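Inside the fold
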Amino acid sequence: ACTGNIITQNQFNANSSYGIYMQFSSENSIETNTVDGQNTSLHGIYLQNGSKNNTLAANTVRAATNNGIYFNDQTNGNVLRGNTSKLNANHGVLFDFSSNNNTLIGNVLSENTLNGVRLDASSGNRFVSNTFDSNVLWQVFLTGSASSDTFEKNYFAPSPTNPDSALYNAST
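This text gives an overview of the structure that appears in the document. Small disclaimer: the values here were computed from a predicted structure and weren't measured.

**Comments concerning the packing of aromatic side chains**
Going through the model one piece at a time under the given rule, you end up with 10 aromatic pairs. Measuring from centroid to centroid gives 5.1 Å for Tyr-18 and Tyr-46, while their planes differ by 50°, and the two rings are tilted. One end of the pair, Tyr-18, is in strand S3 (residues 18-23); the other, Tyr-46, is in strand S6 (residues 43-48), and 28 residues separate them in sequence. Looking at Tyr-46, the relative accessible area reads 7%, which means it is buried. Between Phe-141 and Tyr-168, the ring centres sit 5.3 Å apart and the planes meet at 15°, which makes this aromatic pair stacked. Residue Phe-141 is found in strand S18 (residues 138-143), and its partner Tyr-168 is found in strand S21 (residues 167-169); the two are separated by 27 residues along the sequence. Classification of Phe-141 as buried rests on a relative accessible area of 14%. One aromatic cluster is present, formed by Tyr-18, Tyr-21, Tyr-46 and Tyr-70 through successive ring pairs.

The following block contains the structure:
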């Protein structure tokens, strides 16, 4: 567990598992880092097991072999502001297993092989002024009882495979 740390202006290239990984961690600031998975890193930035109230700002994550940014298992109350997550093999951002009440403002999620963002059994997340651009399947994918998520003033560019729809709700 880590609390109150600042991780800033670092370059993480081709790590075998994760660029940045935290569990049971709170009130950390992860800012202005570059994680270039070069198709070898599993997740670019990975927070799990109750990590809460962290700030991720102005980071760039690209080419992870799984997810660019992954919040797993009750990772709640975090803020993502001004990040770019692109060209990842799965999702730009994945919220999984009750990762609730997170806020995403002004992020760019583009050209990811599956979805720009996937919410799986996660609720109360807020998305404001983000760009979802050319993610292959869906710009936003909701599943596993995702509910009460809010989208405001976002830009959705078409998906190459689903050009008529930006959001897919499998939770209903």
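There's more to say after this.
**Regarding the sheet that holds strand S20 (residues 155-156)**
The parallel open sheet is built from seven strands, whose spatial order is S2-S5-S8-S11-S14-S17-S20. Looking at which strands have only one partner, the edges of the open sheet turn out to be strand S2 (11-13) and S20. As judged from the three bridges shared by strand S8 (residues 60-62) and strand S11 (residues 84-86), these two strands associate in the parallel manner. Each bridged residue has a counterpart across the sheet, and for Val-61 the counterpart in S11 is Ser-85.

**Concerning the pattern of salt bridges**
With the rule as written, the count across this model stands at three salt bridges. Put simply, Asp-36 and Arg-62 hold a salt bridge, and the shortest N to O gap is 3.0 Å. Of this pair, Asp-36 sits in strand S5 (residues 34-36) while Arg-62 sits in strand S8, and the two are 26 residues apart along the sequence. Take Asp-36: its relative accessible area is 14%, and that puts it in the buried class. Since its relative accessible area comes to 29%, Arg-62 is described here as partly exposed. Residue Arg-126 is joined to Glu-152 by a salt bridge in which the shortest nitrogen-to-oxygen separation is 3.0 Å. Of this pair, Arg-126 sits in strand S16 (residues 126-128) while Glu-152 sits in strand S19 (residues 150-152); the two residues are 26 residues apart in sequence, bridging distant segments of the chain. Looking at Glu-152, the relative accessible area reads 28%, which means it is partly exposed.

**Describing the pairing of strand S15 (residues 115-120)**
Within S15, five of the six residues are buried, which leaves it mostly tucked inside the rest of the structure. The pairing of strand S12 (residues 93-96) with S15 spans four bridges and is parallel. Opposite Leu-94, over in S15, you have Arg-118 as the bridge partner.

**Quick word on unusual backbone geometry**
Phi at Thr-32 takes a positive value of approximately 55°, unusual for a residue other than glycine. If you check the backbone angles, Ser-148 has positive phi at about 60° while not being a glycine. Relative to the elements of secondary structure, Ser-148 occurs in the loop between S18 and S19. According to the relative accessible area criterion, Ser-148 is exposed, its value standing at 61%.

**Quick look at the nonpolar core**
Counting residues in each nonpolar core, the largest one holds 22 residues, and the members touching the most others are Ile-45, Leu-56, Ile-69, Phe-95, Val-117 and Leu-119. Every element with two or more residues in this core is listed here: S3, S6, strand S9 (67-72), S12, S15 and S18. Residues within four places of Ile-45 in sequence aside, it is in contact with Ile-20, Val-35, Leu-56, Asn-59, Val-61, Gly-68, Ile-69 and Tyr-70.

What counts, and where the lines are drawn
Residues numbered from 1 in each chain as written. Predicted model: local features only at pLDDT ≥ 70, side-chain atom pairs only at ≥ 80, totals over all residues. Heavy atoms only, no water. Phe/Tyr/Trp six-rings, centres within 6.5 Å; stacked < 30°, edge-to-face > 60°. Helix = DSSP H or I, 4+ residues; strand = E, 2+ residues; numbered from the N terminus. Buried < 20%, exposed > 50% of the residue type's maximum accessible area, 1.4 Å probe, protein only. Pairing = 2+ DSSP bridges. Salt bridge = Lys/Arg side-chain N within 4 Å of Asp/Glu carboxyl O. Core = buried A, V, L, I, M, F, W, Y, C linked by side-chain atoms within 4.5 Å. Contact = heavy atoms within 4.5 Å.

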